[in-house]
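Coordinate analysis (summary)
Each chain, written out:
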Amino acid sequence: MTVDLTDSKNATHHWYPFLKYQEECAAAGKEATVNDWMRSTGKLQARVDFEEAKKAAEAEAVKPKATSVKNEE
C-alpha cells in the first residue's frame, strides 16, 4: 500500500498539516489562521500559558481596588 504524500489528507510534512487544518475549518465554517493552528497543535503553548497568567494577574490586581472602593463609600 502506498500513501500519496502530496494529498493534504495524508501528508505530514511542509505546509500540508496546515492545509488539512484549513479544510477542517472551512468545513466547520470558521476562518483558519496560522496562529490558531499553531495554538491548536501546542506549538505556542508557552504563549498561551503567558496569556492565561497575565489574565489571572490582571484579575487579581483588580480585586484590591474593588474592595478599597467599597471601604471608601
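It should be noted that the structure appears before, not after, this text.
Residues numbered from 1 in each chain as written. Predicted model: local features only at pLDDT ≥ 70, side-chain atom pairs only at ≥ 80, totals over all residues. Heavy atoms only, no water.

**Considering the overall build of the protein**
Cut-off, in case you're wondering: Helix and strand labels come from DSSP, where a helix needs a run of H or I of at least four residues and a strand needs a run of E of at least two; each type is numbered from the N terminus. The buried label goes to any residue with under 20% of its type's maximum accessible area, the exposed label to any with over 50%, and the partly exposed label to all in between, with areas taken from a 1.4 Å probe on protein chains only. Residues count as neighbours in contact if any of their non-hydrogen atoms are within 4.5 Å of one another. For every accessible area listed, the method is Shrake-Rupley and the probe measures 1.4 Å; residues are considered covered only by the protein chains on display.
A count of helical and extended segments in the protein gives 3 helices and 0 strands. Put simply, the protein runs from its N terminus to its C terminus through helices and strands in the order α-α-α. A burial count over the protein gives 12% of its 73 residues as buried. Intrachain contacts of the protein at a sequence separation of at least 6 include 0% that bridge at least 24 residues. As displayed, the protein has an accessible area near 6,100 Å², and 57% of this comes from carbon and sulfur atoms.

**A word on the packing of aromatic side chains**
Selection rule: Side-chain rings of Phe, Tyr and Trp, where Trp is taken by its six-membered ring, are said to pair if the distance between their centres is within 6.5 Å; with planes under 30 degrees apart they count as stacked, over 60 as edge-to-face, and otherwise as tilted.
If you walk through the whole model with that rule in mind, you get 2 aromatic pairs. For the pair Phe18 and Tyr21, a centre-to-centre distance of 6.2 Å together with 40 degrees between the ring planes defines the contact as tilted. Here the residue Phe18 and the residue Tyr21 both occupy positions in helix α1 (residues 16–28), the gap between them amounting to 3 residues, near one helical turn. What makes Phe18 buried here is its relative accessible area of 16%.

**With respect to the pattern of salt bridges**
Our working rule: For this analysis, a salt bridge means a side-chain nitrogen from Lys or Arg found within 4 Å of a carboxyl oxygen belonging to Asp or Glu.
Under the definition given, this model contains 3 salt bridges. With a shortest N-O distance of 3.0 Å, Arg39 and Glu51 are connected by a salt bridge. Here Glu51 lies in helix α3 (residues 45–72) and Arg39 lies in helix α2 (residues 34–40), a separation of 12 residues in the sequence. The class for Arg39 is partly exposed, based on a relative accessible area of 26%. As a salt-bridge pair, Glu60 and Lys63 come within 3.8 Å of each other at their nearest N and O atoms. Remark: Lys63 and Glu60 occur in helix α3; sequence separation between them is 3 residues, near one turn of the helix. A relative accessible area of 48% means that Glu60 is categorised as partly exposed. Each of Arg39, Arg47 and Glu51 takes part in a single network of salt bridges with overlapping partners.

**Side note on α1**
The criterion, for reference: To estimate the expected span of a helix, subtract one from its residue number and multiply by 1.5 Å.
The end-to-end C-alpha separation of α1 is 18 Å, in line with the 18 Å expected for 13 residues at 1.5 Å each. Every buried residue belonging to α1 is among Tyr16, Phe18, Tyr21 and Cys25, and all of these are buried. Against the buried residues of α1 lie α2. Of the residues flanking the end of α1, it is Gly29, one or two places downstream, whose phi is positive at about 80 degrees.

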